[in-house]
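Results of the structural survey
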Amino acid sequence: MNTQLQDLVNQAREQFAASPSAAELENAKARFLGKSGAITALMKDLAKLSAEDKRAQGAEINLAKQAIEQALQARRDALAEAELQARLAEQAIDVTLDGRGQRRGGVHPVMRSWMRIESIFRSIGFEVAEGPEIEDDWSNFTALNSPQDHPARSMQDTFYVDLDDARGQPLLLRTHTSPMQVRHARAHVQRHQGSAAMPDIRVIAPGRTYRVDSDATHSPMFHQFEGLWIGENVSMADLKGVYTAFLHAFFERDDIELRFRPSYFPFTEPSAEIDMMFDSGPLRGRWLEISGAGQVHPVVVRNFGLDPERHIGFAFGSGIERLTMLRYGIGDLRQFYGSDLRFLEQFDAA
Ligand code: DAH
């Protein structure tokens, strides 16, 4: 191949290599192989030559043409391959990512405790009752011996609802489950009116409660369960027996001690805080406040529709979050309500 043809082939290779796209490659091709391209022009010039020169020169041009066509095809293939790779990269699926399939839900740790508490108390003869979270002022406070302006009301600041009920009672989000004592007892008394002997009232009432309170150990919404046992001869000793049995069952261990620490609640007299202590494990030897309790105040018994000279018993109100935190060793109550699956999933098999 003469140097002129060799230069042409080299130019074609360079221009093909410099074409970044198929369209530009076709333009470059036209400059050499197109109707007015360099190779085509050389072919036309052959006409002027003698038959002998034509054959020799023609063969050379053909070699150059083949070399250019080869370079063109190689560049076409390279561009197509690059385009395919780019498309694949763009549509890449990261197979190491989590799938978006459905996942199995679990029971929230607080609900787990709620369910355990119900089944434990049912097993020792308690009914389970539930009542309204939007409560009337009378049931939440007055019936429980906290009349208007009683200083004990300020122990439980709450959310008031901008409506009164049908009897003109202000409505509020209940600050505790204690109003269920009154609701359940009154219904019980009514149900057994006229019968010779009224069966004991023996009930727990779990549910949501609300207070204007928020920190590591308080949430504006939290859960309590109320306990109430009213009969003709029910004492604080029975309270201790029932609550001890409950704690042993709840924590699934017997090395738990209880003490009653004198306290004040308007709806009980005497009133106590129940403290518990584990005899082993990480919390060993520390008294932990677990529940309010007491002998139901005569004023409250009267509001049940019963004669306090004849009917007597105990009540308690315990925090479900608190028990759950102790059972699982959780330090911050707010974790229950952060909806962090890494936290919640730990309880799926608990
Ligand atoms: N209602 C009280 C509270 O939320 C707890 C309580 C204390 C309930 C004593 C009771 C009780 O039934 O007897 O702080």
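What you see is a predicted model; the values in this text were computed from it and never measured. (Residues numbered from 1 in each chain as written. Predicted model: local features only at pLDDT ≥ 70, side-chain atom pairs only at ≥ 80, totals over all residues. Heavy atoms only, no water.)

1. Observations concerning the packing of helix α5 (residues 109–123) against helix α10 (residues 320–328)
Cut-off, in case you're wondering: Here an angle of 0 to 180 degrees is reported between the N-to-C directions of two axes, which are lines fitted to C-alpha atoms, with helices fitted over the stretch in contact. Helix and strand assignments follow DSSP, with helices taken as H or I runs no shorter than four residues and strands as E runs no shorter than two, numbered in order from the N terminus. Roughly parallel here means an angle under 35 degrees, roughly antiparallel means over 145, roughly perpendicular means 65 to 115, and every remaining angle is called oblique. In what follows, residue pairs with any heavy atoms lying within 4.5 Å of each other are defined as contacts. Each residue receives one of three labels: charged for Asp, Glu, Lys and Arg, nonpolar for Ala, Val, Leu, Ile, Met, Phe, Trp, Tyr, Cys and Pro, and polar for the others, Gly being one of them.
Where α5 contacts α10, the axes come no closer than 9 Å and their chain directions differ by 100°. Judged by the angle between their axes, α5 and α10 are roughly perpendicular. Of α10, the residues touching α5 (which contributes Pro109, Val110, Arg112, Ser113, Trp114, Arg116 and Ile117) are Ile320, Glu321, Leu323, Thr324, Arg327 and Tyr328. Considering only residue class, the contact of α5 with α10 consists of 7 nonpolar, 2 polar and 4 charged.

2. A look at the environment of alanine 249
Just so we agree on the cut-off: Residue burial is assigned from relative accessible area. The probe radius is 1.4 Å, only protein chains are included, and a residue is buried under 20% of its type maximum, exposed over 50%, and partly exposed in between.
You can see alanine 249 is positioned in helix α8 (residues 236–251). Exposure remark for alanine 249: the relative accessible area of 33% places this residue in the partly exposed category. As a C-alpha pair, alanine 249 and isoleucine 120 span 129 residues in sequence and 6.9 Å in three-dimensional space. Excluding residues that lie within four positions of it along the chain, alanine 249 makes contacts with Arg116 and Ile120.

3. Side note on the pairing of strand β9 (residues 288–296)
Keep this limit in mind: DSSP calls a pair of strands paired once it identifies at least 2 bridges connecting them.
A large share of β9 lies buried, amounting to 7 of its 9 residues. Here strand β8 (residues 268–278) pairs with β9 via 7 bridges, running antiparallel. Bridged to methionine 276 within β9 is leucine 288. Pairing geometry for β9 and strand β10 (residues 312–319), over 5 bridges, is antiparallel. The partner of serine 291 across the bridge, within β10, is serine 318.

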